[in-house]
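As a plain string of letters, each chain reads:
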Amino acid sequence: MKILVINAGSSSLKYQLIDMETEEVLAKGLCERIGIDGHLKHSPLVGGKPIFNEDLPLPTHSEAIAAVIDKLTSAEYGVVSSMSEIDAVGHRVVHGGEKFASSVKIDDAVMAALEECTPFAPLHNPANITGINACRAVMGDVPMVAVFDTAFHQTMPGKAYMYAVPYEYYQNDGIRRYGFHGTSHRYVSSRCAELMGKPIEELKLISCHMGNGSSICAIDHGKCVDTSMGFTPLVGLPMGTRCGDLDAGVIQFLMNKYGYSIDEMLNILNKKSGVLGVSGVSSDFRDLDAAASQGNDRARLALDMFHYWVAKVAGSYVAAMNGVDAIIYTAGVGENSKETRAAISSYFGYLGVAIDPEANSKRGEDIMISTPDSKVKVFVIPTNEELVIARDTRDIVS
Ligand code: AMP
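Below you will find a few notes about this structure. It should be emphasised that the depicted structure is a prediction, and the values quoted were computed from it without experimental measurement. Counting of residues starts from 1 at the beginning of each chain's written sequence and follows it residue by residue. Only residues with pLDDT of at least 70 are given local features in this predicted model, and only at 80 or more are side-chain atom pairs given and counted; all residues enter the totals for whole chains, interfaces and linings. Each side-chain value is derived from all of the structure's non-hydrogen atoms; neither hydrogens nor water enter the calculation.

1. A short note on the overall build of the protein chain
Our working definition: In this description a helix means any DSSP run of H or I spanning at least four residues, a strand means any run of E spanning at least two, and both kinds are numbered starting from the N terminus. Throughout, radius of gyration means the C-alpha value; the globule benchmark is 2.2 Å times the number of residues raised to the power 0.38. Using a 1.4 Å probe on the protein chains alone, a residue whose accessible area is under 20% of its type maximum counts as buried, one over 50% counts as exposed, and one in between counts as partly exposed. Contact definition: two residues touch when any of their heavy atoms are within 4.5 Å. Note on areas: these come from Shrake-Rupley sampling with a 1.4 Å probe, and a residue is covered only by the protein chains present in the view. We count Lys and Arg on the positive side and Asp and Glu on the negative side, and we leave His and both chain ends out. Here the site of a charge means atom NZ of a Lys, CZ of an Arg, CG of an Asp or CD of a Glu.
If you tally the helices and strands in the protein chain, you get 15 helices and 14 strands. For 398 residues, the compact-globule estimate of 2.2 N^0.38 gives 21 Å, and the protein chain sits close to it at 22 Å. Structurally, the protein chain occupies a C-alpha span of about 55 × 55 × 45 Å along its principal axes. Taking all 398 residues of the protein chain together, the buried fraction comes to 50%. Of all intrachain contacts in the protein chain linking residues separated by at least 6 positions in sequence, the fraction that spans at least 24 positions is 60%. Per element, the accessible surface of the protein chain, about 17600 Å² overall, is 51% carbon and sulfur. Of the side chains in the protein chain, 35 bear a positive and 48 a negative charge, and the two mean positions are spaced by 4 Å.

Written out as structure tokens, the structure is:
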């Protein structure tokens, strides 16, 4: 069975074609500047075919999907001989609200429910829906599945997901913590259980997804019981450009003082804050590491804040679960920055965590970086959201 995984953004579309017999990625690629002019980078990963990397007109997502199918099936760049070899499509969808606690086969009723979730993710869900509609138009009856960033977090208890505001805002408007990165937290937590050789139902895990966006998740006996992102991905940890937790009074103060509109204010909190805002250097942790090592105090402060917040939120999840068996680092920063892992782990002495510096300096593989006698184990597990989407799609369509 071959499954096409699609992650549609407003002007971009990422894809992978995965052979589920071997879970090998046959080809992957990215359409960019959809609706502007258009560019496709398509990389076949089997058969020694060349990479296609050229501008081509992509006025809408339909032309983008058609171009992807054309490349996947072409003699020169293709990895399958015709579209009929693609058995199903799995779509990443950001927000499933309270309607979707797991992945679901797409039909007209599901599409209507996705539209109802759009107010919760006005920037992301419309793009995901456009991608699905384009795929349905181009690929006809090929079965399709939606996999949600929010679904894994639907097991949170009310005490974790409720905000302490008048209850009718929850009842009438769905105001609550939803959480994001659920597909990543689900993948790394189940992989961690495999690496530990124990059923996930016997483990208390804390997963730290640290990339451009960052969130932490408490996974108690296989179920998410808390997570740091909320109604939107803005809160929790300070991130590349997002502010993380912030007193709402700051928003009122700044809007009054500088006359910002709410859109201008949210643009500052989403795009100009986080480690970029504090350091004034960059949102990229590589740049921050370099600046801090050259004596830039604000880059140092931004990094210290990030480490502190990860440790603080993870510590609160130890309390929430009354213990922890393993801590997982994943995503761009978690997988690549040994300095970040070491700095965060240095807060976990009270848990009996001891890091093996040699293991911590390895890259690109699932690895335990704690010493064999560390009371709580620490793992680096490269995330693989596309594989989760493909597996869910296979399980649902077959
Ligand atoms: P992601 O959102 O998971 O793709 O992560 C992207 C982020 O990972 C980048 O913005 C960088 O901040 C970070 N990153 C990637 N490689 C490294 C590295 N070697 N050291 C530190 N940070 C890194």
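Moving on from the model shown.
2. Describing the nonpolar core
Condition: In this description, a nonpolar core means a group of buried Ala, Val, Leu, Ile, Met, Phe, Trp, Tyr and Cys residues linked to one another through side-chain atoms lying within 4.5 Å.
Counting 43 residues, the largest nonpolar core has Leu4, Ile6, Leu13, Leu72, Leu114 and Met139 as the members making the most contacts within it. Secondary structure elements with two or more residues in this core: strand E1 (2-8), strand E2 (13-19), strand E3 (24-32), helix H1 (61-73), strand E6 (88-93), helix H2 (108-117), helix H3 (125-139) and strand E8 (144-148). By size, the runner-up hydrophobic cluster in this structure holds 37 residues, among which are Ala291, Ala302, Ala314 and Val324.

3. Quick word on unusual backbone geometry
The general pattern is negative phi for most residues beyond glycine and trans for most peptide bonds. Its identity is not glycine, yet glutamate 23 carries a phi of approximately 60°, on the positive side. The topology assignment puts glutamate 23 in the loop between E2 and E3. Classification of glutamate 23 as partly exposed rests on a relative accessible area of 29%. Positioned with a positive phi, alanine 331 is a non-glycine residue whose angle comes to about 75°.

4. As for the side chain of aspartate 220
Rules: The working definition used for a salt bridge is a side-chain nitrogen of Lys or Arg within 4 Å of a carboxyl oxygen of Asp or Glu.
The topology assignment puts aspartate 220 in strand E10 (residues 214-220). It turns out aspartate 220 is buried and unbridged, and the closest side chain with the opposite charge, lysine 204, is 5.3 Å from it. For aspartate 220, the contacting residues outside a window of four places in its chain are Leu203, Lys204, Val225 and Met321.

5. Some thoughts on the sheet that holds strand E12 (residues 326-330)
To keep it simple, the criterion reads: Whether two strands pair comes down to DSSP finding at least two bridges between them.
Spatial ordering of the open sheet is given by E11-E10-E9-E12-E14-E13, a layout of six strands whose pairing is mixed. A strand with exactly one partner marks an edge of an open sheet, and here the two such strands are strand E11 (223-227) and strand E13 (367-368). Pairing between strand E9 (residues 204-210) and E12: five bridges, direction parallel. For isoleucine 206, the partnering residue across the bridge sits in E12 and is isoleucine 327.

6. Comments concerning the packing of H2 against H3
Pairs of packed helices are described in terms of their axes, by the angle between the two and the distance that separates them. Under the convention used in this document: Helix axes are fitted to C-alpha atoms over the stretch in contact, other axes to C-alpha atoms as well, and angles between N-to-C directions run from 0 to 180 degrees. Any angle from 65 to 115 degrees is called roughly perpendicular, while one under 35 is roughly parallel, one over 145 is roughly antiparallel, and all others are oblique. Two helices cross in a left-handed way if the nearer one is turned anticlockwise from the farther one by less than a right angle. They cross in a right-handed way if the turn is clockwise.
Look at H2 against H3: their axes get within 9 Å of each other, and the N-to-C directions meet at 160°. The pairing of H2 with H3 is recorded here as roughly antiparallel in orientation. Considering the relative orientation of H2 and H3, their crossing is left-handed. Along the contact surface, H2 presents Asp108, Met111, Leu114, Glu115 and Cys117, while H3 presents Asn125, Ile129, Ile132, Asn133 and Arg136.

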